[in-house]
Amino acid sequence: TWLAERRVREVMQEFSSTYEQQYAVALFNSVRFEIEGGGGPQSQLLHRKDPLAGRSIFSGSLFQYLEENQKWRNRFVSVPNSYAIRLYERKTAYDRGLHPKVTINCAGYKVLTSMEEYLELINTSLPGIKGKVGNQPFIKRVTQFPLILWHPYARHRYFCVMTEKEQKKWHAVLQDCVRHNNNGISEDLPVQTPAFTNAVRLYRQAKGHYGTWDMMCGQPPQILANLVMETLHSDLRDMIGPRLKGKMQQKQRNWMLISDAVYRQVLCHTNGRYKELVESCEVQRVPLDARLRTDMDQIVTSKEHVTNKIRALVSPKAEQLLQTSVQPYISSILDALMEPTSRGFSEVRDIFFKELVELSKNSLNGGGKEKLGDNMEKLSMLAFHPVKMQSCYDKVEELNLEGLQQRFDVHGPSVFVSRVQILMREQMDNSVYTFEQLFNQSLESQGQEDMCKTIQRCQDRVLKKYDYDSSTVRKKFFREALLQIIIPYMLKQLSPTCSPELPRFKELIFEDFSKFLLVENIYEEVVLQSVSKDIMMAVKEAAVQRRHNLYRDSIILSNSDPNLQLLGETPSVEWSTKFGGNEVDGSVDVAEVKEGGSSRRRKQVVSMIQLDGVPLPYESCLEVPGVELIPEEDAEMTEGKDGGKDNEDLDPCDNPKSPDSVNEIRGLINPMLEMVLPIRTGTVISEDGLEEDITHLTTKVETVSRKSHEADKPEEMVFESTSEETEVRPDASEQTAEVSTAESDGESSPKSPLVTDSSLGSDSGFQSLTSKGMDEVDPLPLNESLDKEEKITSPFIVALLAGEDDFKLT
């Protein structure tokens, strides 16, 4: 604890000083851009500000492994438009608007689909603790289709599904959650965002870390926590690792619990300190802005004078470095970036085209207005459908920088892959939104006659605009990626000879302008300008090659729709309302969301994930899979509470000494249940009365079973329980399950304040702390609710502070 607090204090003190300096520089650049104007070519496609308003991403059920009691539990999962993963005990808790048991912010995580890959990662977590290839970690593989969320510092999450097809769907959804949360720094903040990114980069460069950084993901407080953990994690490992006792798997498990506890504490501190830092800088923004607008001409003139002096020092050394170590590799880097990126954007175009072809087919087949409304609703959310977009994302995953990573200090391609995938999603949504507006305008002006030709005309116009915009976006990405790779390398090579000479240039800057003109920033701009010409020439030469489908810069697409930009100011079309389409099927599933005492229907981008043709797996406790499908790890029954959240009940059928009368009762009731279960037609029972009868019937059976079992048990072995959960044991001779009624679920999950719309719509963990939904967010990690089930006791910290040499976690 003391070590984490001290390290946070040291890092934040140094970072705050750098951030305050970069804040003034970013404000100067922002005001200058506002006054002088500029910018690249105008986008041809329209852009909507909040495409996911009133939407959720998906929901479904899977199995989660609980480390506290080493059991697997069925969980209902919901992902709102903030892309946080919310886990509920069952669907009834979600329908009632109760708080989730766990909320996971996926920033910094990796999604793994094999235990072998996971074992390889955790074997590197502690030095000297290695597992044999093929060995299982401290959890048992319950099915052949696991899904694991792995984080270098935070707690790992373990899930599993029953089929390979289901695994692929869930993998796509989880990947989308990670992708969205990693892109947490808002681009709508022209001062705070560049100030923060430059401060992080300069801080790491001062420590000798140049190049890209994989943990530059999430909200600013999360990135700062990663910055602290970058050095703290290794110190803790060296200090605590040798003192861990037990078997290899137990050591790994205990170390991950320690790392997670420290990471949460660090995140809590960085969150508060960063908030104070931003507030203190914002207070000074108004007087700084006024001074800038008054003295802008003098500041610009002073900067040009200092820039020329620094260029005279740096340019000869930079030119020599360029010729010998950079220019020969620019084309190779560009080819490695362009091939998978171009394939990905081409796949986006193909999927968009196929969806419009399907729309035209349905129109020709006379689907009617309602069918058209349903299809347009699905098309509207195409960019945010992770399963449909997965083939586009897979194309970019092929990006490979081997051979260049060591030379240019590039840790890996993940930073560039994530950026391309975000750009692809934006272009898809822009295309869809532009088509919607053009199609709606045509319907209002020309009517609904000859719908197929109308779709075709709008399609052709949008595809032309997509070709131009995607070319512009890709070329901008290529230039930025090359700079991200080359500039840190050049700065590292030039630092020994140039950095000692920089302080003398500070004398050339007037004291009144010293806040806005920093020698370090001017020096980096000079290095950037020295290589920009070569990068621009390389991208222009690549544009000539037809295989990349890039427009040359000299080709400017004239705006053939002068009134198109006006359409962008109109809200998105509600196609289900316009054509009276139903919202039952496919990507327009709806869920009741209670807000402020009233309920409204929230449309769902992805339909509930389940096996084709089969009701939602194990939604009811009566449908829990058999023991041969979900084996559990042999462990003693955990007495008391399940992680502090719910008490565990002992199922009498799990006890081999249970009286035969209990099994006889279950044998009598099973045929009756088989008669009513086929009536289930989806995720809910079609007859409300039938659901009540089954619940009442199964409750009676459970009561009789429990009384029969408790009659033969010693008094001290009877466990009191406040709620019941689905539980399956590997040593049972038949499929067994604990039955929990909807009423008991409501009692076990305390009713909490209903979620507000602002909390659902915000994907910013930092902003959510100041929103009305504050009671839903855990003050430790951003966007992550830590309930009693997830809390970790830390006796090792107490023992460490007490000076004990050896300790063992139990």
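What counts, and where the lines are drawn
Residues numbered from 1 in each chain as written. Predicted model: local features only at pLDDT ≥ 70, side-chain atom pairs only at ≥ 80, totals over all residues. Heavy atoms only, no water. UniProt positions renumbered as here; feature names shortened; annotations may be inferred. Helix = DSSP H or I, 4+ residues; strand = E, 2+ residues; numbered from the N terminus. Buried < 20%, exposed > 50% of the residue type's maximum accessible area, 1.4 Å probe, protein only. Contact = heavy atoms within 4.5 Å. Areas by Shrake-Rupley, 256 points an atom, 1.4 Å probe, with all protein chains shown as cover. Axes fitted to C-alpha atoms, helices over the stretch in contact; angles between N-to-C directions. Left-handed = near helix turned anticlockwise from the far one by under 90°. Nonpolar A, V, L, I, M, F, W, Y, C, P; charged D, E, K, R; others polar. Salt bridge = Lys/Arg side-chain N within 4 Å of Asp/Glu carboxyl O. Phe/Tyr/Trp six-rings, centres within 6.5 Å; stacked < 30°, edge-to-face > 60°. Lys NZ or Arg CZ within 6 Å of the ring centre and 35° of its normal. Pairing = 2+ DSSP bridges. Parallel < 35°, antiparallel > 145°, perpendicular 65-115°, else oblique. Core = buried A, V, L, I, M, F, W, Y, C linked by side-chain atoms within 4.5 Å. pLDDT = per-residue confidence, 0-100. Arc of directions from axis to C-beta.

- Per an unreviewed UniProt entry, the recorded name for the chain is Niban apoptosis regulator 2a, and the organism is Takifugu rubripes.
- Recorded in UniProt under Sequence similarities (unreviewed entry), the annotation for the chain is "Belongs to the Niban family."

## As for the overall build of the chain
Item 1. The helix and strand tally for the chain stands at 22 helices and eleven strands.
Item 2. Expressed as a percentage of the 810 residues in the chain, the buried residues total 53%.
Item 3. Taking the intrachain contacts of the chain between residues at least 6 apart in sequence as the baseline, contacts between residues at least 24 apart amount to 77%.
Item 4. Accessible surface for the chain amounts to roughly 36,800 Å². Of this, 50% is attributable to carbon and sulfur atoms.

## Section: unusual backbone geometry
Item 1. One non-glycine residue, Q70, adopts positive backbone phi at about 55°.
Item 2. If you trace the backbone, Q70 turns up in the loop between β1 (55-66) and β2 (71-80).
Item 3. Even without being a glycine, Y83 presents a positive backbone phi close to 65°.
Item 4. In this structure Y83 comes out as buried when scored by relative accessible area, which is 0%.

## Focus on the side chain of D469
Item 1. If you trace the backbone, D469 turns up in helix α13 (residues 451-498).
Item 2. Here D469 is in contact with S43, Q44, L45 and Q427, once residues within four sequence places are set aside.

## Quick look at the packing of helix α8 (residues 285-364) against helix α14 (residues 519-544)
Item 1. Relative to each other, α8 and α14 sit at 40°, their axes nearing to 7 Å. When the axes of α8 and α14 are compared, the crossing they make is right-handed.
Item 2. When the residues that make up the contact of α8 with α14 are grouped by side-chain class, the tally is 18 nonpolar, four polar and five charged.

## Considerations on the pattern of salt bridges
Item 1. Summed over all chains, the structure comprises 30 salt bridges.
Item 2. We note a salt bridge from D429 to R48, for which the minimum N-O separation is 2.6 Å. Residue D429 is found in helix α12 (residues 414-446), and its partner R48 is found in the loop between α1 (2-36) and β1; the two are separated by 381 residues along the sequence. Across this residue pair, the class does not change: D429 and R48 are buried.
Item 3. A salt bridge links E339 to R343; its shortest N-O distance comes to 3.7 Å. Highlighted residues: E339 and R343, both in helix α8, separated by four residues, approximately one helical turn.

## A closer look at the packing of aromatic side chains
Item 1. Counted by the stated rule, this structure contains 18 aromatic pairs.
Item 2. Judged by centre distance (5.0 Å) and plane angle (65°), the rings of F408 and Y489 are edge-to-face. Remark: Y489 occurs in helix α13 and F408 occurs in helix α11 (residues 405-408); sequence separation between them is 81 residues. Like F408, the residue Y489 is buried in the burial classification.
Item 3. For the ring pair F477 and F478, a centre distance of 5.8 Å and an interplane angle of 55° mean the geometry is tilted.
Item 4. A relative accessible area of 4% places F477 in the buried class.
Item 5. Lying over the aromatic face of Y393, R179 brings its terminal NZ or CZ to 3.8 Å of the ring centre.

## Examining the environment of W72
Item 1. Among the structural elements, W72 can be located in strand β2.
Item 2. Under the relative-accessibility criterion, W72 is labelled buried at 6%.
Item 3. Taking the C-alpha atoms as reference, W72 lies 10.0 Å from K140; in sequence the two are 68 residues apart.

## Let's talk about the pairing of β2
Item 1. Of all ten residues in β2, ten are buried, a share of seventy percent or more.
Item 2. In the sheet, β1 pairs with β2 via ten bridges, with the strands oriented antiparallel. Bridge pairing links L66 to K71 in β2.
Item 3. Between β1 and β2, which follow one another and run antiparallel, lie four residues, and Q70 among them has a positive phi close to 55°.
Item 4. Pairing between β2 and strand β3 (residues 85-88): three bridges, direction antiparallel. By the bridge assignment, S78 is partnered in β3 with R86.
Item 5. The turn linking β2 back onto β3 is made up of four residues, and Y83 within it adopts a positive phi angle of 65°.

## Structural notes on the packing of helix α4 (residues 164-182) against helix α10 (residues 386-396)
Item 1. Interaxial distance between α4 and α10 falls to 9 Å at its minimum, and their mutual angle equals 75°. The orientation of α4 relative to α10 falls into the category roughly perpendicular. On α10, the residues that touch K169, A172, V173, D176 and R179 of α4 are P386, V387, Q390 and Y393.
Item 2. Among the residues forming the contact of α4 with α10, the class breakdown is five nonpolar, one polar and three charged.

## Notes on the nonpolar core
Item 1. Ranked by size, the top nonpolar core spans 161 residues in total, and within it Y19, I85, V314, F435 and M490 carry the most contacts.
Item 2. With 25 residues, α8 is the single largest residue contributor to this core.
Item 3. If sequence neighbours within four positions are ignored, Y19 has contacts with Q192, A195, F196, A199, Y274, L277, V278 and C281.
Item 4. One finds M115, V142, I148 and C160 within the second-largest nonpolar core, a separate group that totals 16 residues.

## Observations concerning the environment of A4
Item 1. Residue position: A4 is located in helix α1.
Item 2. Here the alpha-carbon distance between A4 and M229, two residues 225 residues apart in the chain, equals 8.8 Å.
Item 3. Here A4 is in contact with L232, V262, Q265 and V266, once residues within four sequence places are set aside.

## Considering the confidence of the model for the chain
Item 1. Residue-level pLDDT values for the chain average 74, and 66% of them are 70 or greater.
Item 2. Taken element by element, the predicted model of the chain shows its lowest mean pLDDT in helix α21 (residues 765-768) (34) and its highest in β3 (95).
Item 3. Note that pLDDT drops below 50 for residues 592-600; the model gives that stretch 23 contacts with residues more than four away or on any other chain.
Item 4. Long-range and interchain partners of residues 707-810, a stretch whose pLDDT sits below 50, account for 252 contacts in this model, where long-range means more than four residues apart.

## Observations regarding helix α3 (residues 115-122)
Item 1. Among the residues of α3, those classed as buried are M115, Y118, L119 and I122. On an axial view of α3, the arc spanned by its buried residues comes to 100°, and they lie on one face.

## Re the pairing of strand β6 (residues 146-150)
Item 1. Counting buried positions along β6 yields five of five residues, so the element is predominantly enclosed.
Item 2. Residues P146, I148 and W150 point to one face of β6 and L147 and L149 to the other, with burial holding for every one of them.
Item 3. Where strand β5 (residues 110-112) and β6 come together, three bridges link them in antiparallel fashion. Pairing of K110 across the sheet is with W150, part of β6.
Item 4. Where β6 lies against strand β7 (residues 157-160), four bridges are found, and the strand directions are antiparallel. Considered in β7, the bridge of L147 is made with F159.
Item 5. Remark: six residues form the turn of the hairpin made by β6 and β7, two consecutive strands paired antiparallel.

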